[in-house]
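# Structural description and commentary
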Amino acid sequence: MIELVNVVKRYPMRRGHTTVLDHVNLRVERGEKVGILGRNGSGKSTLIRLISGAESVDKGSVRRGMRISWPLAFGGAFQGTLTGLDNLRFICRIYGIDIASAIPKVEAFSELGAYLHEPVKTYSSGMRARLGFALSLAVDFDCLLIDEVIAVGDSRFHEKCNTEIFQKRKDLAMIIVSHQPDTIIEHCDRAAVLQAGKLHDFPDVEQAYDFYKGVV
Amino acid sequence: MHATSLSRSLVLQGRVIGALLMREVITRYGRHNIGFFWLFVEPMLFTLGVTALWSLVQHSSGARLPIVAFAVTGYSSVLLWRNMPNRLVGAVGPNLALMYHRNVKVMDMYIARLALEAVGATISFIGLSSAFVVMGWMQPPQDLATVLLGWFMLTWFGAALAIFVGAISERTDLVEKIWAPITYLMFPLSGAAYMVDWLPPAGQKAALYLPMVHGVEILREGYFGSAVRAHYDLGYMATVCLALTVLGLAQERYISRRLAPE
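For the structure given in this document, a descriptive report is provided here. (Residues numbered from 1 in each chain as written. Chains lettered and ligands numbered in written order. Predicted model: local features only at pLDDT ≥ 70, side-chain atom pairs only at ≥ 80, totals over all residues.)

What follows concerns the pairing of strand β5 (residues 68–72) of chain A. Residues and elements named next belong to chain A. Of all 5 residues in β5, 5 are buried; the element is thus mostly enclosed. In this structure, β5 lies alongside strand β6 (residues 143–147), joined through 3 bridges in parallel fashion. By the bridge assignment, P71 is partnered in β6 with L145. (Buried ≥ 20, exposed ≤ 12 C-beta atoms within 10 Å, placed from the backbone. Helix = DSSP H or I, 4+ residues; strand = E, 2+ residues; numbered from the N terminus. Pairing = 2+ DSSP bridges.)

To continue, consider the sheet that holds strand β7 (residues 173–178) of chain A. All names here are of chain A. The strand order across the open sheet formed by 6 strands is β5-β6-β7-β3-β8-β9, and the pairing between neighbours is mixed. Looking at which strands have only one partner, the edges of the open sheet turn out to be β5 and β9 (198–202). Ignoring strand direction, the axes of neighbouring strands in this sheet form an average angle of 15°. Across 5 bridges, the pairing between strand β3 (residues 33–38) and strand β8 (residues 190–195) is parallel. Each bridged residue has a counterpart across the sheet, and for G38 the counterpart in β8 is L194. (Axes fitted to C-alpha atoms, helices over the stretch in contact; angles between N-to-C directions.)

Once that is clear, we can look at unusual backbone geometry. Residues and elements named next belong to chain A. A positive phi is found at A77, a non-glycine position, where the angle reads about 75°. Following the sequence through the fold, A77 ends up in the loop between β5 and α2 (84–95). In this structure, D140 takes a positive phi of about 70° despite not being glycine.

Here the focus is the packing of helix α6 (residues 144–169) of chain B against helix α10 (residues 234–257) of chain B. All names here are of chain B. With their axes 8 Å apart at the nearest point, α6 and α10 run at an angle of 30° to one another. In terms of their interaxial angle, α6 and α10 are classed as roughly parallel. The interaxial crossing formed by α6 with α10 has left-handed handedness. Contact with α6, carried on its side by M153, W156, F157, A160, L161, I163, F164, A167 and I168, involves M237, C241, L244, T245, L247, G248, L249, Q251, E252 and I255 of α10 and no other residues of that element. Looking at the contact of α6 with α10 residue by residue, the classes come out as 15 nonpolar, 3 polar and 1 charged. (Parallel < 35°, antiparallel > 145°, perpendicular 65-115°, else oblique. Left-handed = near helix turned anticlockwise from the far one by under 90°. Contact = placed C-beta atoms within 7 Å. Nonpolar A, V, L, I, M, F, W, Y, C, P; charged D, E, K, R; others polar.)

Listed by partner, the interface residues are 20 residues for chain A and 21 residues for chain B. Residue contributions to the side of chain A that touches chain B peak at 4 residues, all from α2 of chain A. When grouped by side-chain class, the residues that make up the side of chain A that touches chain B number 8 nonpolar, 8 polar and 4 charged.

So, to be careful, I would describe these as geometric facts and stop short of saying anything about function.
Here it is in structure tokens:
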């Protein structure tokens, strides 16, 4: 289980500060797939980073009762100057995974072929997303944090995600953040909408979507 | 329960620091030409150059101490207090992407970089001294334990200063700008190129305010034994190092809590 209680996050600004998250509460059970809808700059990525532990909260608490992935996002997590394979080795080392057994899994899922020996900075965003997903599946997390990137994959990648994640790993929890409702409608059991620092939680995706349409 | 969670976090931190060390070696030295060996070949080249220059200059100024040993002990000490802070100034930025992984903390990255720097300087120091001793350009040290004490104190000072300067450099760009002139000016004052005993009394008193001077004096007492009159206060240097360590860790904690990865 993941539980956020009264989480507050502020950032310093040129004048004063901005409150990005204002007493946010969220609970995600094992195997649940939760979507977070919100406009650009509403604090979705901040929320994901707080859940992952990459950033710390100013107030409130985050309880992590599962093995949670790093945020699978457009930036971060990889060292651009290193090859895909060196990044794989680094990530295996920090999560305590056997490198030799991870390599074939990542090769199979990412389909990067010879590009695994090239620096990650030369990858397209779709290729990075594939490497990120492949690695997080190799580490075997209980919960994936997905920040928009699902949308950049091509149809083959989507097919793969469907079989590997949504069929084979039903227990895998997920928090998907997006400004595009389609991704969330397709994959999530329920959804919440982030607006003006508040998180509005809904029991199903339709209600969240209706509320979101009113906000946009 | 507490014991297991502590040992588990130690294992975890060890794993992360190990991974960061490997990554640092690859990004810094690559797999081309001599690769990893640059870790100590680079400081060796610096020390060799300075030793050669000082040997030339000394021929015209008259000898007070064997110049090769004087230069090796002096310049190697500079490597410790100057290069460790240099490696940590602005070190968070290029490593921000790695902090997406919750287990990778600023301190882990600092420890990995400091360990590499210290190992490089130490191998360079031992390697050059051994080579010069074998070639007969340098006598073996009089008292190895004192040499080790001096080296340890200089390493501690370098590491504590590095964490402090590195952490405050993340708070204001000013640090990065003024750190370079400070190290440049500190080099002639640091005790690398003189012994405190050679200074007039007022100069001695002033020089001994600088913590690294004590370290170099200890190092040289170990090396030259009774051939030199070393001036130092181990208690003073330890106090300064301890204070810098506490201040540095506090600053590191401050910046870690406010870290925002990209």
